[in-house]
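Given next are the chains, with one letter for each unit.
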Amino acid sequence: MTTVSLNNIVKRFGNLEVVHSINLEIQDSEFIVLVGPSGCGKSTTLRMIAGLEEISDGEIKIGDRVVNNIPPKDRNVAMVFQNYALYPHMNVFNNMSFGLRLKKTPKDEIQERVTKAAKILNIESLLERKPSELSGGQRQRVAMGRAIVRNPEIFLFDEPLSNLDAKLRTQMRVEIKQLHQRVNNTIIYVTHDQVEAMTLGDRIVVMRDGYIEQVGNPIELFQNPVNTFVAGFIGNPPMNLIDAEVISEGKGLALSLMGDLQIPIPERPDMKIKTGQKVVMGLRTEDINLNAEDQTINAEWIYDASIDVTEPLGSETYAHLDFGGNKIIGRCEGRTILRAKDNVKITLNLEHLHIFDAESTNSVY
């Protein structure tokens, strides 16, 4: 079994600590994604697992081996880089087989491994071409093939799709997921793109400033973010976050927003909020629905808003709204005609309401 354990991992560059005592258990055959903004420590963490960066403190285990002092070539991991890292003077076959030839692998075995990897990646017809004769997507497949032929225990991907155009990124996401289903190895994948993280990962590790903010499967992170950072990072568009204050309303509690808006708080058994508390209200875009033509929507919580900007996407339309001076994004069915400055009715699905403490930013509801 190829598990990976990070135990209190710290990385310092001189006096600057960039990764702060992180702990993570990665299971055998798991596809795990490290995601976060630039500079959050995700690539540094990946490079420490690969052995390309020394750890300052802590312990890394691959399977039952502590690999802190084991060189990269002996860790049985294969890394796919952002810039492909192909040798320009070699054809595809020689690029894929280079590592095997260094290890003096028999020619028949090299031929078998390269042919098998090329078939998996659908690049059999490209084996005689040079990298300069390939598209970006084809080069990335070659880089993946070079990793596959080594039969590693772990695949490490460092933002492999960031140099590709949007359509090709979507295609390559599917191919990487299919690759995992075929080879069933442990994969650790780094990206700053939360769409890649959501679509690829069995679990996602959200990082910020060298710390792990939350670990969970994509739906868990989307539905139950632990703080405003995760809420605003996971989801496209991100969660709407609005400053508010908790007030009493009748026998219950409500949120007071700018513009004299009051949003009732549905009763829950695990509520950790109190009157007068400064909070941040959170609602996903899909929980703010609008219809400019139908003013008789059957819903409990209906409010007025005006449209600033629309984003028609075909199947749905996102509307940037002025909600009593609060800026939010709502959505409606794509065939609805919306115009800037239109006044609309919006409905809020408060069953999916999130509330975060304003000071700690942690979820309290």
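Colleague: Which residues make up the overall build of the protein chain, and what are the values?
Modeller: Regarding its fold elements, the protein chain presents eight helices and 20 strands. Considered along the principal axes of its C-alpha atoms, the protein chain spans approximately 80 × 45 × 35 Å. Counting every position in the protein chain, which comprises 365 residues, the buried fraction comes to 49%. Taking the contacts inside the protein chain whose residues are at least 6 apart along the sequence as the reference set, 67% of them involve residues at least 24 apart.

Colleague: Explain the pattern of salt bridges to me, using residue names and the numbers behind them.
Modeller: Applying the stated rule across the entire model yields 15 salt bridges. Residues R12 and D57 are paired through a salt bridge, measuring 2.9 Å at the closest nitrogen-oxygen approach. Separated by 45 residues along the polypeptide, R12 in strand 1 (residues 4-13) and D57 in strand 4 (residues 57-62) bring together distant segments of the chain. Using a relative accessible area of 33% as the deciding quantity, one classes R12 as partly exposed. The partner of E333 in a salt bridge is R335, with the nearest N and O atoms 3.0 Å apart. Under the relative-accessibility criterion, E333 is labelled partly exposed at 39%. Ionic contacts of the salt-bridge type, sharing partners, join the residues K11, R47 and E53 into one network.

Colleague: Got a sec to walk through the environment of R47? Specific residues and values, please.
Modeller: By secondary structure assignment, the location of R47 is in helix 1 (residues 42-50). Overall, R47 belongs to the partly exposed group, its relative accessible area being 27%. Along the primary structure R47 and L156 are separated by 109 residues, whereas in three dimensions their C-alpha atoms are 8.8 Å apart.

Colleague: Residue-level account of the packing of helix 2 (residues 92-102) against helix 3 (residues 107-121), with values.
Modeller: When two helices pack together, you describe them by how their axes are tilted relative to each other and by the distance separating the axes. At a minimum axis separation of 10 Å, helix 2 and helix 3 run at an interaxial angle of 135°. The orientation of helix 2 relative to helix 3 falls into the category oblique. For the crossing formed where helix 2 meets helix 3, the hand is right-handed. Taking contact as the criterion, the partners of F93, M96, S97, L100 and R101 in helix 2 are, on helix 3, I110, Q111, R113, V114, A117 and A118.

Colleague: Please set out the nonpolar core residue by residue, giving values where relevant.
Modeller: One finds M96, M144, F157, Y189 and V206 to be the most contacted residues of the largest nonpolar core, which totals 45 residues. Once you skip the residues sitting within four places of it in the chain, M96 turns out to touch V114, A117, A118, I123, L127, V142, G145, R146 and V149. Core analysis: the next-biggest nonpolar cluster, separate from the first, contains 34 residues, I273, L290, Y303 and C332 among them.

Colleague: Outline the sheet that holds strand 5 (residues 65-66), listing residues and values.
Modeller: The sheet built from four strands is open, its strands ordered 2-1-4-5 with antiparallel pairing. The strands lining the two open edges of the sheet, one partner per strand, are strand 2 (16-26) and strand 5. In the sheet, strand 1 pairs with strand 4 via five bridges, with the strands oriented antiparallel. Along strand 4, the bridge assignment pairs V4 with I62. Contacting strand 1, strand 2 and strand 4, helix 1 runs over the sheet at an angle of about 115° to strand 1.

Colleague: Got a sec to walk through helix 2? Specific residues and values, please.
Modeller: Burial in helix 2 covers these residues: V92, F93, N95, M96, S97 and L100. A distance of 3.3 Å separates the backbone nitrogen of F93 from a side-chain oxygen at the start of helix 2, and that oxygen is part of N91. Directly beyond the C-terminal end of helix 2, a positive phi value near 60° is found at K104.

Colleague: So what about the environment of V92? Which residues, and what values?
Modeller: When you line up the elements, V92 lands in helix 2. Once the C-alpha coordinates of V92 and K130 are considered, the two residues, 38 residues apart in sequence, prove to be 6.1 Å apart. For V92, the contacting residues outside a window of four places in its chain are L126, L127, R129, L134 and V142.

Colleague: For the pairing of strand 18 (residues 326-333), give the residues involved together with the corresponding values.
Modeller: Side-chain direction in a regular strand flips from residue to residue, so the side chains alternate between the two faces of the sheet. Of the strand pairs in this sheet, strand 17 (residues 316-323) and strand 18 are connected by eight bridges, and their pairing is antiparallel. The partner of F323 across the bridge, within strand 18, is N326. Counted between consecutive antiparallel strands, the loop separating strand 17 from strand 18 contains two residues, among which G324 sits at a positive phi close to 65°.

Calculation criteria
Residues numbered from 1 in each chain as written. Predicted model: local features only at pLDDT ≥ 70, side-chain atom pairs only at ≥ 80, totals over all residues. Heavy atoms only, no water. Helix = DSSP H or I, 4+ residues; strand = E, 2+ residues; numbered from the N terminus. Buried < 20%, exposed > 50% of the residue type's maximum accessible area, 1.4 Å probe, protein only. Contact = heavy atoms within 4.5 Å. Salt bridge = Lys/Arg side-chain N within 4 Å of Asp/Glu carboxyl O. Axes fitted to C-alpha atoms, helices over the stretch in contact; angles between N-to-C directions. Parallel < 35°, antiparallel > 145°, perpendicular 65-115°, else oblique. Left-handed = near helix turned anticlockwise from the far one by under 90°. Core = buried A, V, L, I, M, F, W, Y, C linked by side-chain atoms within 4.5 Å. Pairing = 2+ DSSP bridges. Polar contact = N/O pair within 3.5 Å; in protein donor to acceptor, adjacent residues only side chain to side chain.

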